[in-house]
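Observations on the three-dimensional arrangement
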Amino acid sequence: MRSDAEAGRAVEQYADTVRRVCFMHLNNKSDVEDVFQEVFLKYVLHDEQFESDVHEKAWLIRIAINACRDVTRSFFRRKVTSLEDLPESLYEPNTIQDENTAVVDALLGLPPNYKNVLYLFYYEGYSAVEIAKILHKSENTIYSWLARGKTKMKNLLGGESFD
Amino acid sequence: MTDKLWAAFDGVRAEDALKEKTMAYLRGEIDKRSKVRFYLPAKRFAAVFAAILFMAVTGFISHNLYFTETAYIDLDVNPSIELAVNRFDRVIGTYAYNDDGSKILEGLNLENKKLGDAIDSLFGGFAQRGYMRNNGLVSVTLQTSENSAEAGMLEGLAAYVETSVNAHHGPSQVEVYPVSGELRESAHELDLSPAKYLAIMELQEVDSTATVESCRDHSISELRGYAQEHSAGHHGGIGEDGSGSGGRNGQTHHGAGAMHG
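Everything in this summary refers to the structure shown in the same document. (Residues numbered from 1 in each chain as written. Chains lettered and ligands numbered in written order. Predicted model: local features only at pLDDT ≥ 70, side-chain atom pairs only at ≥ 80, totals over all residues. Heavy atoms only, no water.)

**Structural notes on the sheet that holds strand β1 (residues 71-76) of chain B**
Residue and element names in this part refer to chain B. The line we're drawing: Two strands form a pair only when DSSP identifies at least two bridges running between them. Think of it this way: any DSSP run of H or I at least four residues long counts as a helix, any run of E at least two long counts as a strand, and we number them from the N terminus. Angular values range over 0 to 180 degrees, each being the angle between N-to-C directions of two axes fitted as lines to C-alpha atoms, with helices fitted over their stretch in contact. Working rule for contacts: check all heavy atoms of both residues, and any pair within 4.5 Å makes them a contact.
In spatial order, the strands read β3-β2-β1-β4-β5; together these five strands make up an open sheet with mixed pairing. The open sheet has two edge strands with one neighbour each: β3 (91-96) and β5 (173-178). Strand-to-strand twist in this sheet, taken as the mean axis angle between neighbours without regard to direction, amounts to 15°. The pairing of strand β4 (residues 137-144) with β5 spans six bridges and is parallel. The residue bridging L137 from the neighbouring strand is Q173, located in β5. On top of the sheet, helix α5 (residues 99-106) reaches β2 (80-85) and β3; it is set at about 140° to β3, its chief contact.

**Quick look at the interface of chain A and chain B**
As a reminder of what qualifies: A side-chain nitrogen of Lys or Arg and a carboxyl oxygen of Asp or Glu constitute a salt bridge if their distance falls within 4 Å. In the analysis that follows, any N or O atom pair within 3.5 Å is treated as a polar contact, provided that within protein one partner can donate a hydrogen and the other can accept it, and provided that, for residues neighboring in sequence, both atoms belong to side chains. Classes in brief: Ala, Val, Leu, Ile, Met, Phe, Trp, Tyr, Cys and Pro nonpolar; Asp, Glu, Lys and Arg charged; the others, Gly included, polar.
Listed by partner, the interface residues are 46 residues for chain A and 38 residues for chain B. Where chain A touches chain B, the interface holds four salt bridges. Between A:R19 and B:E15 there is a salt bridge whose closest N-O contact spans 3.0 Å. On the surface where chain A and chain B come into contact, there are seven residue pairs in polar contact (both at pLDDT 80 or more). Elements supplying a minimum of two residues to the side of chain A that touches chain B: α1 (4-25), α2 (29-45), α3 (53-73), α4 (75-80), α5 (101-108) and α6 (112-123) of chain A. Ranked by residue count, the leading element in the side of chain A that touches chain B is α1(A), at 11 residues. The residue inventory of the side of chain A that touches chain B, partitioned by class, reads 24 nonpolar, seven polar and 15 charged.

**Quick notes on the pattern of salt bridges**
For clarity, the cut-off: The classification of residues rests on relative accessible area computed with a 1.4 Å probe and restricted to protein chains. Under 20% of the type maximum is buried, over 50% is exposed, and intermediate values are partly exposed.
By the definition in use, this model includes 15 salt bridges over all chains. Taking the shortest distance from any N to any O, the salt bridge between A:E124 and A:K57 comes out at 2.7 Å. Here A:E124 is found in the loop between α6 and α7 (128-135), whereas its partner A:K57 is found in helix α3, with 67 residues between them in sequence. Since its relative accessible area comes to 15%, A:E124 is described here as buried. Because the salt bridges share partners, they merge into one network encompassing A:E12, B:D16 and B:K19.

**Considering the packing of aromatic side chains**
Two measures describe an aromatic ring pair: the distance that separates the ring centres and the angle between the ring planes. Threshold: Under the pairing criterion, centres of Phe, Tyr and Trp rings, with the six-membered ring standing for Trp, must be within 6.5 Å; the plane angle then separates stacked pairs below 30 degrees from edge-to-face pairs above 60, leaving the rest tilted.
Counted under the stated rule, the structure contains 12 aromatic pairs over all chains. Look at A:F23 and B:F9: their rings are 5.8 Å apart centre to centre, the planes differ by 90°, and that puts the pair in the edge-to-face class. With A:F23 in helix α1 and B:F9 in helix α1 (residues 2-10), this residue pair bridges two chains. This pair shows no difference in class: A:F23 is buried, exactly as B:F9 is. Their ring planes at 90° and their centres at 5.3 Å tell us that B:Y95 and B:Y97 sit as a pair that is edge-to-face. Note on B:Y97: relative accessible area 8%, which makes it buried.

Written out as structure tokens, the structure reads:
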């Protein structure tokens with residue numbers, strides 16, 4: 001089990017990354033908090049040493065994606081969502097500039113697999129080969145999702161090319 | 001276009017409050033997992049030692065025997081509490097799995113009490129704080145290494161529980177059953193009582209997306225209800241009358257039940 005100090009270092013270093021994954025998949029604060037805590041608790045309880053910061057970050061991204069997927073697909077979660085967890089704005093105030101909302105809206109409207117690969121490819125800068133390792137999918141699957149994701153984005157954005 | 005995506009995501013940051021709350025949660029989890037589970041408060045030691053000395057003089061018992069845990073009794077009403085008991089049916093340790101359980105234990109002094117009295121005090125505490133709902137469920141498990149004595153212990157435990165539940169006007173659904181040491185260990189690794197661990201495992205059989213963390217704060221009857229509903233929903237026409245194949249054999253019963261784990 002990792003120490004308080006290691007946990008603190010990881011939260012400081014990777015909180016924004018995990019938050020962005022949550023931003024893509026979740027739409028209420030309590031789910032974000034739950035996933036956040038779950039991801040970093042798994043980090044604390046994960047005994048194996050990471051080869052590098054790159055490896056560590058990729059591991060956390062995969063855990064965060066899986067945790068978000070579990071939340072959004074869970075029958076149990078659908079049954080117990082509190083009435084107080086009313087859908088809130090996806091965006092914190094002043095987080096997303098107006099000129100960027102169309103692109104973000106389009107991305108957030110994609111199926112989860114396409115969202116993940118487009119985010120990892122265009123924002124995090126991972127190659128398709130690296131994304132395949134993170135998501136435990138074949139490279140062909142990643143290339144396919146990238147292509148279909150870009151096509152869908154183009155359609156959602158009125159024909160404007162995505163890249 | 002990708003510049004816009006990049007700019008948009010660059011503005012998404014983890015809120016300070018979220019990070020602070022997460023760190024507080026992690027510190028609590030690290031601390032909880034590092035703690036020794038059972039302890040004797042130092043201030044009680046003098047009274048206990050005097051009792052042990054007396055029993056040693058009478059030739060009846062040794063220090064080691066008294067402090068040896070021979071059974072673990074876990075009670076789930078939704079406060080979730082474990083009692084460690086010695087061969088003399090005395091409580092020698094207590095543990096709360098959740099905050100509700102901690103609050104109950106804070107108000108009670110259970111160490112060295114006879115098991116029957118401790119159980120009655122616990123149910124009194126549950127009733128006082130409004131946990132003994134008519135439509136609730138009381139789950140009690142027994143884990144003992146004394147295999148030859150298990151049946152008798154279970155019968156005695158069931159009698160204590162039934163008496164206390166009735167005395168405190170508790171729910172009609174009461175279950176008392178034995179569990180194995182392995183199951184108790186697996187439950188403890190997740191900081192769950194054995195009964196709640198079993199309920200979560202059963203829910204996960206019909207809903208693989210249910211996680212321990214999302215389930216932990218829900219009562220056993222709620223978890224079984226979700227499992228039954230999920231099973232009924234997945235099987236279409238099956239279960240239209242509300243029956244389903246979820247839950248622990250669909251049984252709730254008074255008295256001893258079949259071994260689990």
